[in-house]
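Each chain, letter by letter, is given below.
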Amino acid sequence: MRLDKAVSQVTDLSRADVKRAARAGRITVNGEPVSDTSTKIAETDEICLDGETVGEPGPRYFMLNKPLGYVCATKDSEHPTVLDLIDEPNKHQLHIAGRLDIDTTGLVLLTDDGQWSHRITSPRHHCDKTYYAHLADRIEEDAVAKFEKGLWLDSEKKRTRPARLEILFANEARVTLNEGRYHQVKRMFAALGNRVLELHRERIGDIVLDEELVEGDYRSLTPEEISSVK
Ligand code: URA
């Protein structure tokens, strides 16, 4: 990441302010003054402004539009990870609040605020998650009631919690769940003899995937989005 971006993200300086500060010799990287703000900064570099370390801001919160083929992990030996799409200092401190399968696209939240992500992922909080699903076969009308009643999934001791199924077209639906079992949407449709061809997460709680984000892009959450997770 460029020095001007790194500093402006964690201070209240604009990029132009950062440039002026750098020219005035107020910015050092690993102890050396740096006047060129296009200089590339590594995650481990120590940046100081007027002798004070910058780069330890409050918690960070991002939404990402996850493309196909990326894994929701911080490291993987075979596949690219969602962190490869993030260009932030100390990005390895971020974690994923609710993973998606490698072949699922859409909304992923990343943060370094453990309590906030716990409120999304903890089974006790019942945070709603909404998915668009494209199915191999026609969705039977009685699937709505079956999702509402809860389904028995292979090797599980409890029925799934009531889920909302909205049939959009013959083989397209919107599903809202408030739990997060392994491959849950795919397994729920499999329990009805159907197969998910495409799955895309649209919403987590009140946070809706921003339509402006093309696949692979991310942005910071707004203060309203952050405080909507209670
Ligand atoms: N349910 C699934 O089956 N896969 C996901 O990625 C998310 C929910």
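Quick caveat, the model's predicted, so the values are computed rather than measured.

Q: I'd like a description of the sheet that holds strand 4 (residues 52-54), backed by residues and values.
A: Taken together, four strands build an open sheet; the order of strands is 2-1-3-4 and the sheet is antiparallel. On the outer flanks of this sheet lie strand 2 (32-33) and strand 4, each paired with one strand and no other. Bridge count between strand 3 (residues 47-49) and strand 4: three bridges; the pairing is antiparallel. Bridging from a neighbouring strand, Leu49 pairs with Glu52 of strand 4. Contacts from helix 1 (residues 3-10) reach strand 1 (27-29), strand 3 and strand 4 within the one sheet, and its direction differs from that of strand 3 by about 60°.

Q: Describe the site of the ligand, listing the residues and the values that go with them.
A: Looking at the ligand, the residues that line it are Leu100, Asp101, Thr104, Tyr131, His183, Gln184, Val185, Lys186 and Leu199. Here Thr104 contributes a side-chain N or O atom positioned 2.9 Å from an oxygen atom of the ligand. Between an oxygen atom of the ligand and a main-chain N or O atom of Gln184, the distance comes to 3.4 Å. Notes on the ligand: free accessible area 240 Å², of which the protein chains cover 94%. One can see that the ligand is located within the largest pocket.

Q: For the packing of aromatic side chains, give the residues involved together with the corresponding values.
A: All chains considered together, the criterion is met by three aromatic pairs. Centre to centre, the rings of Tyr61 and Trp116 are 4.9 Å apart; their planes meet at 70°, and the pair counts as edge-to-face. Within this pair, whereas Tyr61 is found in strand 5 (residues 61-66), its partner Trp116 is found in helix 3 (residues 114-121), the two being separated by 55 residues in sequence. Here the two residues Tyr61 and Trp116 agree in accessibility, since each one is buried.

Q: Talk me through the pattern of salt bridges; I want residue IDs and the actual numbers.
A: Summed over all chains, the structure comprises 15 salt bridges. Residue Asp101 pairs with Lys186 through a salt bridge whose shortest N-O separation is 2.7 Å. On the criterion of sequence distance, the pair formed by Asp101 in the loop between strand 6 (95-96) and strand 7 (104-111) and Lys186 in helix 5 (residues 184-191) is long-range, its members being 85 residues apart. Relative accessible area serves as the criterion here: at 18%, Asp101 is assigned to the buried category. Of the charged contacts in the structure, one is a salt bridge between Arg174 and Glu166, with a shortest N-O distance of 4.0 Å. When salt bridges that share partners are traced, they join Glu156, Glu179, Arg181 and Arg187 into one network.

Q: Run through the side chain of Glu179, naming residues and quoting values.
A: The topology assignment puts Glu179 in the loop between strand 10 (172-177) and helix 5. Look at Glu179 and you get buried, because its relative accessible area is 15%. Within the structure, Glu179 has its side chain in polar contact with the backbone nitrogen of Arg161 (distance 2.7 Å). Not counting residues within four places of it along the chain, the set of residues in contact with Glu179 comprises Lys129, Thr160, Arg161 and Gln184.

Q: Describe the pairing of strand 11 (residues 196-204), naming the residues involved and giving the relevant values.
A: The sheet contact formed by strand 7 and strand 11 spans three bridges and is parallel. In the sheet register, Gly106 faces strand 11, and the bridge partner there is Arg201. Alignment of strand 8 (residues 129-135) against strand 11, held across seven bridges, turns out to be antiparallel. Bridging across to strand 11, Leu135 finds its partner in Val196. With two bridges joining them, strand 11 and strand 12 (residues 207-208) adopt antiparallel strand pairing. Among the inter-strand pairings, Arg203 is bridged to a residue of strand 12, identified as Val208. What sits between strand 11 and strand 12 in their antiparallel hairpin is a turn of two residues, with Gly205 showing a positive phi close to 55°.

Reading the values: the criteria
Residues numbered from 1 in each chain as written. Predicted model: local features only at pLDDT ≥ 70, side-chain atom pairs only at ≥ 80, totals over all residues. Heavy atoms only, no water. Pairing = 2+ DSSP bridges. Helix = DSSP H or I, 4+ residues; strand = E, 2+ residues; numbered from the N terminus. Contact = heavy atoms within 4.5 Å. Axes fitted to C-alpha atoms, helices over the stretch in contact; angles between N-to-C directions. Near = heavy atom within 4 Å. Polar contact = N/O pair within 3.5 Å; in protein donor to acceptor, adjacent residues only side chain to side chain. Areas by Shrake-Rupley, 256 points an atom, 1.4 Å probe, with all protein chains shown as cover. 1 Å grid on protein atoms, 1.4 Å probe; cavity = no way out; pocket = protein on both sides within 12 Å on 5 of 7 lines; lining within 4 Å. Sits in = over half its atoms within 2 Å of the grid points. Phe/Tyr/Trp six-rings, centres within 6.5 Å; stacked < 30°, edge-to-face > 60°. Buried < 20%, exposed > 50% of the residue type's maximum accessible area, 1.4 Å probe, protein only. Salt bridge = Lys/Arg side-chain N within 4 Å of Asp/Glu carboxyl O.

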